[in-house]
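Each chain, written out:
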Amino acid sequence: MVDLRGQYEKIKTEVDQNIQEVLNTTAFINGPAVKEFQAQLEIYLKVKHVIPCANGTDALQIAMMALDLKPGDEVITADFTYVATAEVIGLLGLTPVLVDVKPDTFEIDTDAIERHIGPKTKAIVPVHLFGQCANMEKIMAIAKKHNLYVIEDTAQAIGADYTFSNGSTQKAGTIGHVGCTSFFPSKNLGCFGDGGAMYTNDDELAKKLRMIAHHGQSVQYKHDVLGINSRLDTIQAAVLKVKLKHLNEYAAARNKVAAHYDRAFKNHAKLEIPVRSKQSTHVFHQYTLKLKGVNREFLREQLAERGIASMVYYPIPLHLQKAFATDRYKPGDFPVTEQLCATVLSLPMHTEMDEDTMNYITTNVLEILNK
Ligand SMILES: *Cc1c(COP(=O)(O)O)cnc(C)c1O
């Protein structure tokens, strides 16, 4: 699905040099590269504060802790997402309130958000799934009206631009109260292990996020709140510093692959190409087709036989996962998500794909479908 080696080869000299520097100084924790990367990402995102942490899941958890969400509080999020989003809600004793998504852009359904707001609702977690933003303008308006926090899960959409109706733009993750991202190797900005970050424009909140990520410590050995231990390793920051410089190029390369796939698949009766939302650029974390009347498993097997990877993100809706099973949910509750889980298929998507590979993939997909 990805080509991490090909990407590494192109930046090897600088990455190796940066890593060697960390080894030479042995400043493995909180070394200078962490602060440097943080500052560079703040400039890139045009956000006041970036707080690095150990992974994207921690980022979401720390955000919810910093906003003082308490057991019993309800947090609204999408049913169609990676498990991490809802997992931390449950882990903190909060109640995940799942809502359905839009069938075309896969974004959280804002009408459904409004319908699920009750006296216990404290926050909304929109997910910028597959690389484009949810309807942040609407979500921020709903949040303002009901006095709710917004935590953006932007693990799949770092670098995407959101455009408001007045024409102004902001980077994904910098619109809500906190944005959370992941630097997992296969994410659009991936390091060589685990990593993550939170973003915010709120000075007080930034202080609190930083404190919770460091054992609730305000100054050394003074612990004001209960925290966790969640740091971005210096070696990972040293890698990310190099890759951040290429992030826009990487997004362009992903869009080139998407455009190629689009051209091959757009008028096919059995395929629906990804719909671009009007309010967001797409950074194509995934290129996800909707299949119409296709045996998905058969197609995947046939592709695999020809050496082509494919994945189903995500095969089971959150509300039907055992971990989230409560008597509140049953099959049929979220028809759009259920339909998507049964019909989506993601094709290889990365920054290093050449024309021959794109052609090989599209030719074979079409050949199998037209058999
Ligand atoms: C990857 C991902 C996460 C979690 O990030 P990790 O760094 O793997 O903990 C959270 N939400 C979404 C939507 C993701 O894709």
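Residues numbered from 1 in each chain as written. Predicted model: local features only at pLDDT ≥ 70, side-chain atom pairs only at ≥ 80, totals over all residues. Heavy atoms only, no water.

Regarding the packing of helix H2 (residues 32–45) against helix H8 (residues 234–244)
The condition is simple: Where helices are involved, their axes are fitted lines through C-alpha atoms of the stretch in contact, as for all axes, and angles between N-to-C directions lie from 0 to 180°. Helix and strand definitions follow DSSP, with helices as H or I runs of at least four residues and strands as E runs of at least two, each counted in order from the N terminus. Note on convention: near helix rotated counterclockwise from far helix by under a right angle means a left-handed crossing. Clockwise means right-handed. In what follows, residue pairs with any heavy atoms lying within 4.5 Å of each other are defined as contacts. Residue polarity is assigned by list, with Asp, Glu, Lys and Arg as charged and Ala, Val, Leu, Ile, Met, Phe, Trp, Tyr, Cys and Pro as nonpolar; anything else, Gly included, falls into the polar class.
Interhelical geometry of H2 versus H8 gives an angle of 35 degrees and a closest axis separation of 8 Å. Every pair of crossing elements has a handedness; the one defined by H2 and H8 is left-handed. Residues Ala33, Val34, Glu36, Phe37, Gln40, Leu41 and Tyr44 of H2 pack against Thr234, Ala237, Ala238, Leu240, Lys241 and Leu244 of H8. Class assignment for the residues of the contact of H2 with H8 results in nine nonpolar, two polar and two charged.

A look at empty space enclosed by the protein
Our working definition: Note on definitions: the grid is 1 Å and covers protein atoms alone; a cavity is a set of points where a 1.4 Å probe fits but cannot get out; a pocket is an open set with protein on both sides within 12 Å along at least five of seven lines; lining residues have an atom within 4 Å of a point. Grid points are joined across faces, edges and corners, and a volume is the space filled by probe spheres set on the points. Boundary definitions for the domains trace back to an automatic or database domain assignment.
The final tally for this structure, using the stated rule, is two cavities of 30 Å³ or more. By volume, the largest cavity is sized at about 90 Å³. Contributions of two or more residues to the lining of the largest cavity are made by helix H1 (4–25) and helix H9 (247–265). One number sums up the size of the second largest cavity: a volume of about 40 Å³. In terms of lining residues, the second largest cavity is bounded by Asp104, Thr105, Phe106, Leu129, Phe130, Gln132, Pro274, Val275, His282, Gln286 and Thr288. Taken together, the residues of the lining of the second largest cavity sort by class into five nonpolar, five polar and one charged. Counting contributing residues, the lining of the second largest cavity receives three or more from each of domain 1 (4–100 + 107–244) and domain 2 (247–369).

Re the side chain of histidine 49
Defined as follows: For the purposes of these results, a polar contact is taken to be a pair of N or O atoms within 3.5 Å, where, inside protein, one atom must be able to donate a hydrogen and its partner to accept one; residues adjacent in sequence count only when each atom of the pair is a side-chain atom.
Position of histidine 49 among the secondary structure elements: in strand S1 (residues 49–53). Within polar-contact distance, the side chain of histidine 49 engages the side chain of aspartate 203 at 2.7 Å. Filtering out sequence-adjacent residues up to four positions away, histidine 49 remains in contact with Glu42, Met198, Tyr199, Thr200, Asn201, Asp202, Asp203 and Ala206.

A look at the site of the ligand
Counted only if it meets this: Near, as used in this document, describes a residue that has one of its heavy atoms within 4 Å of the molecule or strand being considered. Here the accessible surface of atoms and residues is derived via Shrake-Rupley with a 1.4 Å probe, and residues count as covered only by protein chains that are part of the display. Being in a pocket or cavity means that more than half of the molecule's atoms lie within 2 Å of its grid points.
Residues in contact with the ligand amount to 14 residues; listed here are only the nearest, Gly56, Thr57, Asp153, Ser182 and Lys187. Within the contact set of the ligand, an oxygen atom lies 2.5 Å away from a side-chain nitrogen or oxygen of threonine 57. Residue aspartate 153 places a side-chain N or O atom 2.7 Å away from a nitrogen atom belonging to the ligand. Relative to its free-state accessible area of 380 Å², the ligand is covered by the protein chains to the extent of 92%. Mapping the ligand onto the cavity grids shows that it belongs to the largest pocket. Mapped by element, the contributors of at least two residues to the shell around the ligand are helix H3 (56–66) and helix H4 (83–91). A class-by-class count of the residues in the shell around the ligand yields four nonpolar, eight polar and two charged.

Structural notes on the pairing of strand S14 (residues 344–347)
Quick reminder of the rule: A 1.4 Å probe rolled over the protein chains alone gives each residue an accessible area, and that area as a share of the maximum for its type sets the label: buried under 20%, exposed over 50%, partly exposed in between. For two strands to be treated as a pair, DSSP must find no fewer than two bridges joining them.
Taking every second residue as pointing to the same face, both faces of S14 are buried, with Val344 and Ser346 on one and Leu345 and Leu347 on the other. Relative to S14, strand S13 (residues 287–291) runs antiparallel, the two being bridged by four bridges. Paired with lysine 290 across the bridge in S14 is valine 344.

Section: the nonpolar core
This is how the line gets drawn: Here the nonpolar core consists of buried residues drawn from Ala, Val, Leu, Ile, Met, Phe, Trp, Tyr and Cys, with membership extended through side-chain atoms lying within 4.5 Å.
Core analysis: the largest hydrophobic core is formed by 58 residues, its most contacted members being Phe80 and Ile113. Both domains that meet at this core, namely domain 1 (4–100 + 107–244) and domain 2 (247–369), each give it at least three residues. Every residue in contact with phenylalanine 80, bar those within four places of it in the chain, is listed here: Val101, Phe106, Leu129, Phe130, Tyr313, Tyr314, Thr337, Leu340, Cys341 and Val344. If you look at the next biggest cluster of nonpolar residues, it comprises 26 residues, including Met64, Ala66, Val125 and Ile212.

Notes on the sheet that holds S1
Read from one edge to the other, the open sheet built from seven strands follows the order S1-S9-S8-S5-S4-S2-S3, with strand pairing classed as mixed. Each edge of the open sheet carries a strand with a single partner, namely S1 and strand S3 (95–99). Between one strand axis and the next, the sheet turns through 25 degrees on average, direction left out of account. Contacts from H3 reach S1, strand S4 (121–125), strand S5 (149–153), strand S8 (178–182) and strand S9 (196–200), with the element oriented near 160 degrees to S8. The strands touched by H4 are strand S2 (74–78), S3, S4 and S5; relative to S2, the strand with the most contacts, the crossing angle is about 170 degrees.

Structural notes on the layout of surface pockets
Put simply, the largest pocket is a space of about 600 Å³. Surrounding the largest pocket, 33 residues form its lining, Tyr82, Gln156, Phe184, Lys187 and Tyr314 being those nearest its centre. For the lining of the largest pocket, the elements supplying multiple residues, two or more each, are H3, H4 and S8. If you tally residues by element for the lining of the largest pocket, the top one is H4, at four residues.

Some remarks on the domain arrangement of the protein
Selection criterion: Note on definitions: buried area is the accessible-area loss of two parts on being combined, 1.4 Å probe, summed for both. In what follows, salt bridge is the name for a side-chain nitrogen of Lys or Arg lying within 4 Å of a carboxyl oxygen of Asp or Glu.
Looking at the protein, the domain boundaries give domain 1 (4–100 + 107–244) and domain 2 (247–369). Each of domain 1 and domain 2 has a C-alpha centre, and the two are 25 Å apart. Between domain 1 and domain 2, the contact holds 41 residues from the first and 33 residues from the second. Both sides of the domain 1 and domain 2 interface together cover about 3,200 Å² of buried area, and 55% of this is carbon and sulfur. Taken together, the connections running from domain 1 to domain 2 amount to one salt bridge. When the shortest N-O distance is used, the salt bridge between glutamate 352 and lysine 10 registers 2.6 Å. The interface formed by domain 1 and domain 2 holds 23 residue pairs in polar contact (both at pLDDT 80 or more) in total.

A short note on a nonpolar patch on the surface
Applicable threshold: Residues forming no salt bridge and having over 30% relative accessible area are the ones grouped into patches, like charges within 9 Å of each other and nonpolar side chains (Val, Leu, Ile, Met, Phe, Trp, Tyr) within 5 Å.
Together, Leu23, Phe28 and Ile29 make up an exposed nonpolar region whose accessible area comes to about 260 Å². Owing to a relative accessible area of 38%, phenylalanine 28 belongs among the partly exposed residues under this scheme.

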